[in-house]
Amino acid sequence: MPDHHGAAEASLPPVIAAPPDEVDDPPVFPDPARSAAPQWTEDPGPNRRFLAFSIFVLATSLVAAWFVGAITPPHVGEGGATVIWSGLLLALGFLLAEQLAINIDVRSGVSWTISFSEIPLVIGLFVAPFEVVLAAHLIAGVGTLVVRKVNDRILYNAGAMVFEITCAFAVVNLVDRALGGIGPAWTGALAGALAAPLSSTLLALVCVRILGRRMRVGPAVRLMLRTLVLGLVNASVGVVGYQVVVHAEAGWPLLVLAMSGLAALYIAYSGLLREQRDLEALSEVSLIVARSGHQAAAKPSLGLADPNEVAGVADSDEWQAIAERIKEQLGAARVVLRLRFDPQLPLHTVVSGADLPGEVHDVETSGTKADALLRLPGSHVRHFRRGDAVPEVRHALARRGAEEALVVPLRSANHLLGVVEAHDKLSRWRGFGQADTRLIGTMASHLATAMDNRRLVATLRHDAYHDPLTGLLNRPGFRRAAGEPLRQHPNSVVLRIDLDILSTVSDALGYAWSDRMVVAAGRRLRAALGPDVALARLEGGQFAALLARASSDEAHGVAERLRAELAAPYPVDRLTVEANSVVGYSTPRTAEGEPVELDVDALLQRADVALRAARSGGDTVRVYQPTMGQVFLRRFQLVTQFRQALETGQVKVHYQPKVALPSRQVIGVEALVRWRHPEFGRLDPDEFVPAVEAAGLVDALTGFVMEQSLIRVRKWLNRGLRIAAAVNLSVRSLDDPRFPDRVAEALERHGVPPELLTLELTESGVMADPQRALPVLRRLHTLGVTLAVDDFGTGYSSLAYLRQLPVDEVKIDKSFVLGMGTDLGDLAVVRSIVELGHSLGLTVVAEGVEDDAARDQLSAMGCDVAQGYLISRPLSESRLEAWLQARTTQARGVRDETVLTLLS
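Owing to the predicted nature of the structure, the values given are computational and were not obtained by experimental measurement.

About the criteria used
Residues numbered from 1 in each chain as written. Predicted model: local features only at pLDDT ≥ 70, side-chain atom pairs only at ≥ 80, totals over all residues. Heavy atoms only, no water. Pairing = 2+ DSSP bridges. Helix = DSSP H or I, 4+ residues; strand = E, 2+ residues; numbered from the N terminus. Axes fitted to C-alpha atoms, helices over the stretch in contact; angles between N-to-C directions. Contact = heavy atoms within 4.5 Å. Polar contact = N/O pair within 3.5 Å; in protein donor to acceptor, adjacent residues only side chain to side chain. Parallel < 35°, antiparallel > 145°, perpendicular 65-115°, else oblique. Left-handed = near helix turned anticlockwise from the far one by under 90°. Nonpolar A, V, L, I, M, F, W, Y, C, P; charged D, E, K, R; others polar. Phe/Tyr/Trp six-rings, centres within 6.5 Å; stacked < 30°, edge-to-face > 60°. Lys NZ or Arg CZ within 6 Å of the ring centre and 35° of its normal. Salt bridge = Lys/Arg side-chain N within 4 Å of Asp/Glu carboxyl O. Buried < 20%, exposed > 50% of the residue type's maximum accessible area, 1.4 Å probe, protein only. Expected span 1.5 Å × (residues − 1). Arc of directions from axis to C-beta. Patch = residues over 30% accessible without salt bridge, like charges linked within 9 Å, V, L, I, M, F, W, Y side chains within 5 Å. Areas by Shrake-Rupley, 256 points an atom, 1.4 Å probe, with all protein chains shown as cover. Core = buried A, V, L, I, M, F, W, Y, C linked by side-chain atoms within 4.5 Å.

> Run through the sheet that holds strand 5 (residues 382–385), naming residues and quoting values.
Strand order in the open sheet formed by five strands is 4-3-7-6-5, and the pairing between neighbours is antiparallel. The strands lining the two open edges of the sheet, one partner per strand, are strand 4 (348–353) and strand 5. For this sheet, the mean angle separating the axes of adjacent strands, direction not counted, is 15°. For strand 5 and strand 6 (residues 404–412), the ladder comprises four bridges, and the chain directions are antiparallel. Looking at the pairing, arginine 385 lines up with glutamate 404 of strand 6. Against the sheet, helix 11 (residues 317–330) touches strand 3 (332–339), strand 4 and strand 7 (415–425), its axis set at about 145° to strand 3. Sitting on the sheet, helix 12 (residues 391–400) is in contact with strand 3, strand 5, strand 6 and strand 7, with an inclination near 75° to strand 5.

Here it is in structure tokens:
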């Protein structure tokens, strides 16, 4: 049955820290099926209304007891000594009934207290007067509360006890008078024993109502029925036991056996329910921790090492709920969770139950001042009692105001994740038992595993969204952190910062030093932008930042400031290195100031376009303009459509004749590619050739031009003409060791002598890595192909390298040829190149010849070949044939071949 003082002992915390006038919120009561007495779950002190109600109950019950005592007929039977002994035995019976009470957990927050107090009560109704039974009940009940220090509810419980006994004897008198000796003699005693628990339950419902709580009719009726059933069982046991003892021969052994069996049945049932509730509690705690971990993992992060973010997770309601659930399951006065969510931060403390003294709220786990309960080795449960503990533990318990404690560390490998403490068992005199030790140990194991998994998820999440070198956000992390601010603030700005010289440092000193520069640059950017700005390292020396609620002018100022910060010298391996940087930025607004729907990736792409535009234009900071995007879009279209243009005939080869000096014989042509795009029209080679080369399509372009040129040479050979064709090569072709094989295969397929194919290479391209290009050049030279160095004089080659290269001719850059007539320096350069080439046994070709004076000067210098607009512009195949027929005359050469000579 629900029992008033037994429930108070089992359910109500005896430690009340705050005085009554500090109570602001109304007290919180359990489901009435839990007990017949009110309970505070978080109230720091006894409630004033409860105190007033307790005094009223005690006073009213005493008046009722006086009245019932006056109308109750005197007990007829034994003398005074017998009454005294019966009173002592009844007090002992009530005391045993209280100590053998069983608290059965039904569900979370609801328990059912089974007490056997009706058994000594019904016996007292048979054998003792009203005053003796009342005194025995008060001595046992109040004494139990005093010993267990439940001092703040003694008044209410004493009044309830008096009220129970009074109601029981009043009902006995009423039933006996109503029956008038008809029926069994035990009818009145049985009815009185049932009235006692019903009266205490009604009193508890009234208390709940007075103190501002509501209880629906259905639960109240179910509570009364449960009370009636249990009271009937216990009262019946008492009546049967009394009848057996009085009327049966050797009845005491039978009574002892029956009581022992009933108690064993109750205890076994409560043990099964306790195990079930322990499993439910474990599952609930694990689910709460898992839910908290999922919520923390789903929370967006700026990638900032902010302790407030960790503290926000620690202050969540889930951990408070876990502490309360453990406290409820153990029946402890206080449960303390000390949790470490980050290895760099101190333990965070969560308390459920009685307040924890401030001096032990935040304590150290290591060092000379470390708390004794927080530096326990291992991860098993310790049970400490202040009376038999070592001095250090005794001092730690005294500081906490606890008589006993269960302590279990939470560990993952050798790392301390936290500590769980449970202080002072409430429900039994003997304190925490083996079941409590097993429960808190299993819960702690679940907590440690869940927290370890949570830390693992947090680590994986951090690694997924952060750069391992700098600790800043990476590209996915920046996309995640900047998404919501961009949606909320359309006037935000995305910056792209590129740090130069990293490749030079890594080539000279290794990647370790360039990485150190990147880390230093990241720290400077973080210091300049502050901790609240989303900052990411994308790759290499490229960074990105989001400036929320910033105008274009403000972003420009921030970009200049960042450049100044990054420009400060970096100490690198006993050297001082200065690094320039370029910044591009974009905003999700149009030129008219209207916001547009752009995601983070689109803004990063626009900022990258602005950065490239700044780099190509020689600027340091540039804002994105729509025209920039058109340029890069056009370039992208050219690259993606190039192969199709080759197949559909949009790309054609034009030829510019080359004439020998001074004989003016046409000895060859230079093959030049032309592209007429259906949308963009005629495209300059300077526009699409670099794009094609950067996209890795230069092999296709070279192969196409060489194929068309060899076809053209083969046609001339069929007509008896020996005209060579020159094809420009890319540096990428010299990186391919299979390129000479493809050239040999093409020459053999078309039947063209190798000397009629000239491959032209730029001076800067060859000299960029001559050791790598030399093997390919030597194989081409072995084939018999003519090798020429194009644009000679504009690069940085040395005579030693030029002498090592297996080349056959050099081409003087047209910039020098065009300036010969007006600039004596250009004239001197041309003369020097001609003399240098002849001294090395090379043929010298001058391109850019546009007037007769330049031709005559070159001829006088001894230049071998001329090429330029004076002779002809680049011509298509059909126009080239027409030009050859109109501008040349045919003659027989010394080797009986047809020779074309340019007409005057």
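> Describe the side chain of threonine 349, and please don't skip the residues or the numbers.
Position of threonine 349 among the secondary structure elements: in strand 4. Among the polar contacts listed, one links the side chain of threonine 349 to the side chain of arginine 338, at a separation of 3.3 Å. Within polar-contact distance, the side chain of threonine 349 engages the backbone oxygen of histidine 361 at 2.7 Å. When sequence neighbours within four positions are dropped, the list of residues in contact with threonine 349 reads Val336, Leu337, Arg338, Leu356, His361 and Asp362.

> Would you mind going over the packing of helix 23 (residues 739–750) against helix 25 (residues 770–783) in detail, with residue names and values included?
For the pair helix 23 and helix 25, interaxial distance at closest approach is 9 Å and the crossing angle is 20°. Comparing their axes, helix 25 and helix 23 come out roughly parallel. The crossing of helix 23 and helix 25 is right-handed. Within the contact between the two elements, helix 23 uses Phe739, Pro740, Asp741, Val743 and Ala744 and helix 25 uses Val776, Arg779, Leu780 and Leu783. Across the contact of helix 23 with helix 25, the residue classes tally to seven nonpolar, no polar and two charged.

> An account of the packing of aromatic side chains is needed here, citing residue identities and associated values.
Each aromatic ring pair is summarised here by two numbers: the centre-to-centre distance and the angle between the ring planes. If you walk through the whole model with that rule in mind, you get one aromatic pair. The positively charged end of arginine 524 is found above the aromatic ring belonging to tyrosine 570, 3.8 Å away from the centroid.

> Mind laying out the pattern of salt bridges, listing which residues take part and the relevant values?
Under the defined criterion, the tally for this structure stands at 31 salt bridges. Ionic pairing is found between arginine 537 and aspartate 467, a salt bridge with its closest N-O pair at 3.1 Å. Within this pair, whereas arginine 537 is found in strand 9 (residues 535–539), its partner aspartate 467 is found in the loop between helix 13 (434–465) and helix 14 (475–488), the two being separated by 70 residues in sequence. Of the two residues, arginine 537 and aspartate 467, both sit in the buried class. Residue glutamate 760 pairs with lysine 811 through a salt bridge whose shortest N-O separation is 3.0 Å. Linking glutamate 760 in strand 19 (residues 757–762) with lysine 811 in strand 21 (residues 809–812), this pair joins segments that are 51 residues apart in sequence. Here glutamate 760 falls in the buried class, since its relative accessible area comes to 1%. According to the relative accessible area criterion, lysine 811 is buried, its value standing at 0%. Through salt bridges with shared partners, a single ionic network connects Arg338, Glu359, Asp371, Arg399, Arg400 and Glu421.

> Residue-level account of the pairing of strand 6, with values.
Buried residues dominate strand 6, accounting for eight of its nine residues. By the bridge criterion, eight bridges tie strand 6 to strand 7 in an arrangement that is antiparallel. Among the inter-strand pairings, leucine 410 is bridged to a residue of strand 7, identified as glycine 418.

> Run through the sheet that holds strand 14 (residues 621–623), naming residues and quoting values.
Overall, mixed pairing links the five strands, which are arranged 9-10-8-13-14 in an open sheet. At either margin of the open sheet sits one strand with a lone partner, and together these are strand 9 and strand 14. Along the sheet, successive strands turn relative to each other by an average axial angle of 20°, direction set aside. In this sheet, strand 10 (residues 542–547) lies alongside strand 9 in antiparallel orientation, the contact comprising four bridges. Across the sheet, residue arginine 537 finds its bridge partner in strand 10, namely phenylalanine 543.

> Could you give me a rundown of the environment of methionine 861, with the residues and numbers involved?
In this structure, methionine 861 sits in helix 29 (residues 852–861). According to the relative accessible area criterion, methionine 861 is buried, its value standing at 17%. Once you skip the residues sitting within four places of it in the chain, methionine 861 turns out to touch Met820, Leu827, Val830, Arg831 and Val834.

> Break down the environment of alanine 614 for me, citing the residues and quoting the values.
Tracing the backbone shows alanine 614 in helix 18 (residues 600–617). Here the alpha-carbon distance between alanine 614 and tyrosine 624, two residues ten residues apart in the chain, equals 9.6 Å. Residue contacts for alanine 614: discarding those within four places in its chain leaves Val582, Asp619, Val621 and Arg622.

> Which residues make up the pairing of strand 21, and what values do they have?
Burial along strand 21 is two-sided: Glu809 and Lys811 and Val810 and Ile812, pointing in opposite directions, are all buried. Note that strand 20 (residues 786–792) and strand 21 share three bridges and pair parallel. Across the sheet, residue valine 789 finds its bridge partner in strand 21, namely valine 810. Both strand 21 and strand 22 (residues 843–847) contribute to a ladder of four bridges, which runs parallel. Its bridge partner lying in strand 22, valine 810 is registered against valine 844.

> An account of helix 23 is needed here, citing residue identities and associated values.
Taking 1.5 Å per residue, twelve residues should reach 16 Å; helix 23 reaches 17 Å between its end C-alpha atoms and fits that length. For helix 23, the full list of buried residues reads Phe739, Pro740, Val743, Ala746, Leu747 and His750. Buried residues in helix 23, looked at end-on, bunch into an arc of 125°, giving them a common side. Among the residues trailing helix 23, glycine 751 stands out with phi positive, at a value near 65°.

> Explain a nonpolar patch on the surface to me, and be specific about the residues and the numbers.
A cluster of nonpolar side chains, namely Val217, Val221, Leu225 and Leu228, defines an oily patch on the protein surface of about 360 Å² accessible area. Given a relative accessible area of 41%, valine 221 falls into the partly exposed group.

> Please give an account of the packing of helix 28 (residues 824–839) against helix 29 that cites residues and values.
Their axes nearest at 10 Å, the elements helix 28 and helix 29 cross at an angle of 40°. Relative to helix 29, the element helix 28 lies oblique. Between helix 28 and helix 29 the crossing geometry is right-handed. Residues Leu827, Val830, Arg831 and Val834 of helix 28 pack against Gln857, Leu858 and Met861 of helix 29. The class makeup of the residues in the contact of helix 28 with helix 29 is five nonpolar, one polar and one charged.

> Tell me about unusual backbone geometry, residues and numbers included.
Glycine aside, the phi torsion of most residues is negative, and most peptide linkages are trans. That bond from leucine 661 to proline 662 is cis: its omega, 0°, falls within 30 degrees of zero. At arginine 549, a residue that is not glycine, the phi angle is positive and equals roughly 55°. Relative accessible area serves as the criterion here: at 53%, arginine 549 is assigned to the exposed category. Of note in this structure, arginine 664 is not a glycine but carries a positive phi near 60°.

> Account for the nonpolar core, naming residues and giving values.
Residues Leu757, Leu759 and Leu858 are the most contacted members of the largest nonpolar core, which totals 80 residues. No other element matches the eight residues that helix 21 (residues 698–718) contributes to this core. Ignoring anything within four residues of it in the chain, the contact list for leucine 858 reads Leu661, Val817, Met820, Val830, Ala846, Val849 and Cys863.

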